[in-house]
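Remarks on the overall topology
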Amino acid sequence: MLKAYLVGGSQDTQGRPDQLLAKVELALQNGITMFQYREKGPGALTGAARVQLGHRLRALCRQYDCPFVVDDDLALASELGADGIHVGQRDQGIEAVLTAAQAAGLFVGYSCATAAQVARANQLAGVAYVGSGPVFPTISKADADPALGVAGLAALVAQSRHPVVAIGGLNATNLATVWTTGVAGTAVISLVLGAHDVAKVTRQFANYAKIKS
Ligand code: TZP
Ligand code: MG
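Criteria and cut-off values
Residues numbered from 1 in each chain as written. Chains lettered and ligands numbered in written order. Predicted model: local features only at pLDDT ≥ 70, side-chain atom pairs only at ≥ 80, totals over all residues. Helix = DSSP H or I, 4+ residues; strand = E, 2+ residues; numbered from the N terminus. Rg over C-alpha atoms; globule rule 2.2 N^0.38 Å. Buried ≥ 20, exposed ≤ 12 C-beta atoms within 10 Å, placed from the backbone. Contact = placed C-beta atoms within 7 Å. Near = placed C-beta within 6 Å. Nonpolar A, V, L, I, M, F, W, Y, C, P; charged D, E, K, R; others polar. Expected span 1.5 Å × (residues − 1). Arc of directions from axis to C-beta. Pairing = 2+ DSSP bridges. Axes fitted to C-alpha atoms, helices over the stretch in contact; angles between N-to-C directions. Right-handed = clockwise from strand over helix to strand, strands pointing away.

Describing the overall build of the protein
- Helix and strand counts for the protein stand at 9 helices and 8 strands.
- Against the 2.2 N^0.38 benchmark of 17 Å for 213 residues, the protein shows a C-alpha radius of gyration of 16 Å, consistent with a compact globule.
- In terms of principal-axis extent, the alpha carbons of the protein reach across some 40 × 40 × 30 Å.
- Across the 213 residues that make up the protein, the buried fraction comes to 43%.
- Nonlocal contacts in the protein, meaning residues at least 24 apart in sequence, comprise 59% of its contacts between residues at least 6 apart.

Next up, the structure:
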């Protein structure tokens, strides 16, 4: 389920929830293996609108039998009946999240961008996967850390006892190289949500995962 992981929110489709829903449905029809609802950053919805869009995305993922993950919000993940939650280093403390997520039956993804962070994650049995990036510079996250590069990613993969998902600046040109690092999966926002032909680009994205893994 980590192989072709789509992340996104309405801020990634010009603030248009209907466009997000349409693109996510095309992506679901063309091979994504997991979706994360990440309504965050400039232009993101808040309050009831954020919850309502989450319900619609959740229903869509259920329709296509695709695991549904919520970024950084345990209450929202529970309300939407998510399968998993993804947390970063600046979000709620990981121990508290692991405990609460276990009680709620959610798997946990954890962002790690340094050797120290991976070493910490290695001590945590309940982590389902580690998200590492940005691998390359990204346009989709204003507060992103410096890019790891392919060698930096490979070092984290070698160190991690959890499966690693690469994120950040992945595109049709660099996906082949990313798959040489031993990652368990690849995650994108703009490659798919910024595509003119979402179906075609998603098929390419998902095909890399099939060929290279
Ligand atoms: N975390 C690290 S980079 C990133 C996130 C959420 C953004 C990835 O977006 P894109 O458009 O695939 O570079
Ligand atoms: Mg986060």
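Points about the site of ligand 1
- Around ligand 1 sit 16 residues, and of these Thr138, Ser140, Gly168, Ile189 and Ser190 come closest.
- When the residues that make up the shell around ligand 1 are grouped by side-chain class, the tally is 9 nonpolar, 6 polar and 1 charged.

A look at helix α1 (residues 17-29)
- For α1, built from 13 residues, the straight-helix expectation of 18 Å at 1.5 Å per residue is met to within 8% by its first-to-last C-alpha distance of 18 Å.
- Considered for burial, the residues of α1 that qualify are Leu20, Lys23, Val24 and Ala27. One side of α1 holds all its buried residues, which, seen down the axis, span an arc of 100°.

Focus on the sheet that holds strand β2 (residues 34-37)
- Within the closed barrel, the 8 strands sit side by side as β1-β2-β3-β4-β5-β6-β7-β8. Their pairing is parallel. When the angles between neighbouring strand axes are averaged without regard to direction, this sheet yields 25°.

Here's the deal with the pairing of strand β1 (residues 4-8)
- Summarising burial for β1: 5 of the 5 residues are buried, a large majority.
- Of the two faces of β1, the one lined by Ala4, Leu6 and Gly8 and the one lined by Tyr5 and Val7 are each fully buried.
- For β1 and strand β8 (residues 185-188), the ladder comprises 3 bridges, and the chain directions are parallel. Bridging across to β8, Ala4 finds its partner in Thr186.
- Chirality of the crossover, the property in question, places the unit of β1, α1 and β2 among those that are right-handed.

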